[in-house]
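# Coordinates in review
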Amino acid sequence: MRRSLVVGNWKMNGSVVMTDDLLTGLKEGVVRSLSAVDVVVCPPFLYIPLAVQMLAGTAIEVGAQNLDIHKPGAYTGEIAAEMLKEQRCSYVIVGHSERRALYGESSDLVAQKVKAAMAAELKPIICVGETLDERERGDTGRVVREQLMSVLDLNGVDIFPFAVVAYEPVWAIGTGRSASPDQAQEVHALIRESIAELNPVVADQTRLLYGGSVKPENAQGIFSSPDIDGGLIGGAALVASDFLAICASME
Ligand code: PGA
């Protein structure tokens, strides 16, 4: 049985006060009501130490939103995997579509970031997904498979089930327009089949998340699909009651 996983991606949002408020709310809710779901929050780098400190002794884990591929050294402005590990991060988001589109991250770089994360024993949450243009051209399957394969070519299938895949259609991120449960399930099945071609046992154990405008209202519909094991949540992760409601819909 794959354990459900819900990850909150705060993106470049937050402050000390907001981190304190949001995590206080999450801590209470998770302690009260959740047992069958793994919950992870990914604040901006600066708030990671505060989040780790506040969540110590709870079941909520902390992740980062990005990392650099290099060992510590002369890379101004970057953060190394070792540093995240030292701060007690468990997960790191890699290849989010905003990183690919706004900061020019190629699939090759994403594959190297997965490698850097694995070397530091951080669980990578590997984001894949098509743009609206690509979907309308009927290219969804090819694009998602290529993004996944560049990670697998460099890292091998054995990174799973330690690593997680998040399918996030670019047109659904922050738009209020989520994929339908059928659209999401179709791509999740394709991702699982692609991993199964290399190792069916590993494919069966690997957690596949859906992300893109997940809200308390649509979460249950999306998460009831057989190949969807949880969610990567953006906007709704900034409101404790919404995030908790989404987590509860996975139970
Ligand atoms: P959203 O973002 O839930 O606000 O659409 C998801 C994400 O970008 O991970």
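Once that is clear, we can look at the layout of surface pockets. Looking at the largest pocket, its volume works out to about 390 Å³. What lines the largest pocket is a set of 14 residues, and nearest its centre among them are K11, M12, Q65, R99 and Y103. Among the elements that make up the lining of the largest pocket, the one with the highest residue count is helix α4 (residues 97–102) (three residues). Among the residues forming the lining of the largest pocket, the class breakdown is seven nonpolar, four polar and three charged. In this model, the second largest pocket occupies a volume close to 180 Å³.

Now for the site of the ligand. Taken together, 13 residues form the shell around the ligand, and within it K11, H96, E168, G174 and S213 come nearest. Within the side chain of H96, one N or O atom sits 2.7 Å away from an oxygen atom of the ligand. Notes on the ligand: free accessible area 280 Å², of which the protein chains cover 97%. Mapping the ligand onto the cavity grids shows that it belongs to the second largest pocket.

Following the criterion strictly, the structure yields zero disulfides and no others. No disulfide involves C42; its nearest neighbouring cysteine sulfur is the one of C89, lying 7.8 Å away. Note on C42: relative accessible area 0%, which makes it buried.

An order of β1-β2-β3-β4-β5-β6-β7-β8 is seen for the eight strands of this closed barrel, with the pairing classed as parallel. The mean angle between the axes of side-by-side strands here comes to 25°, regardless of whether they run parallel or antiparallel. In the packing of helix α7 (residues 140–155) onto the sheet, the strands contacted are β5 (123–128) and β6 (164–167), and the crossing angle to β5 comes to about 155°.

Two elements in contact, helix α10 (residues 216–223) and helix α11 (residues 240–248), have axes whose closest approach is 9 Å; the angle formed by their N-to-C orientations is 20°. In terms of their interaxial angle, α10 and α11 are classed as roughly parallel. Pair α10 / α11 crosses with right-handed handedness. Packed against α10, whose contacting residues are P216, A219 and F223, the element α11 presents D242, A245 and I246 at the interface.

What follows deals with unusual backbone geometry. In most cases, non-glycine residues show a negative phi, while peptide bonds are predominantly trans. A cis amide bond links F160 with the next residue in sequence, P161, at an omega value of 0°. Within the secondary structure, P161 is located in the loop between α7 and β6. A positive phi angle, close to 55°, is found at K11, a residue other than glycine. Mapped onto the fold, K11 is located in the loop between β1 (4–9) and α1 (16–33). For E121, which is not glycine, the phi dihedral falls at a positive 60°. Examined against the element boundaries, E121 turns out to sit in the loop between α5 (107–119) and β5.

Rules behind the numbers
- Residues numbered from 1 in each chain as written.
- Predicted model: local features only at pLDDT ≥ 70, side-chain atom pairs only at ≥ 80, totals over all residues.
- Heavy atoms only, no water.
- 1 Å grid on protein atoms, 1.4 Å probe; cavity = no way out; pocket = protein on both sides within 12 Å on 5 of 7 lines; lining within 4 Å.
- Points joined across faces, edges and corners; volume = space filled by probe spheres on them.
- Helix = DSSP H or I, 4+ residues; strand = E, 2+ residues; numbered from the N terminus.
- Nonpolar A, V, L, I, M, F, W, Y, C, P; charged D, E, K, R; others polar.
- Near = heavy atom within 4 Å.
- Polar contact = N/O pair within 3.5 Å; in protein donor to acceptor, adjacent residues only side chain to side chain.
- Areas by Shrake-Rupley, 256 points an atom, 1.4 Å probe, with all protein chains shown as cover.
- Sits in = over half its atoms within 2 Å of the grid points.
- Disulfide = S-S within 2.5 Å.
- Buried < 20%, exposed > 50% of the residue type's maximum accessible area, 1.4 Å probe, protein only.
- Pairing = 2+ DSSP bridges.
- Axes fitted to C-alpha atoms, helices over the stretch in contact; angles between N-to-C directions.
- Contact = heavy atoms within 4.5 Å.
- Parallel < 35°, antiparallel > 145°, perpendicular 65-115°, else oblique.
- Left-handed = near helix turned anticlockwise from the far one by under 90°.

The quantities given are spatial measurements derived from coordinates; they are silent on function.
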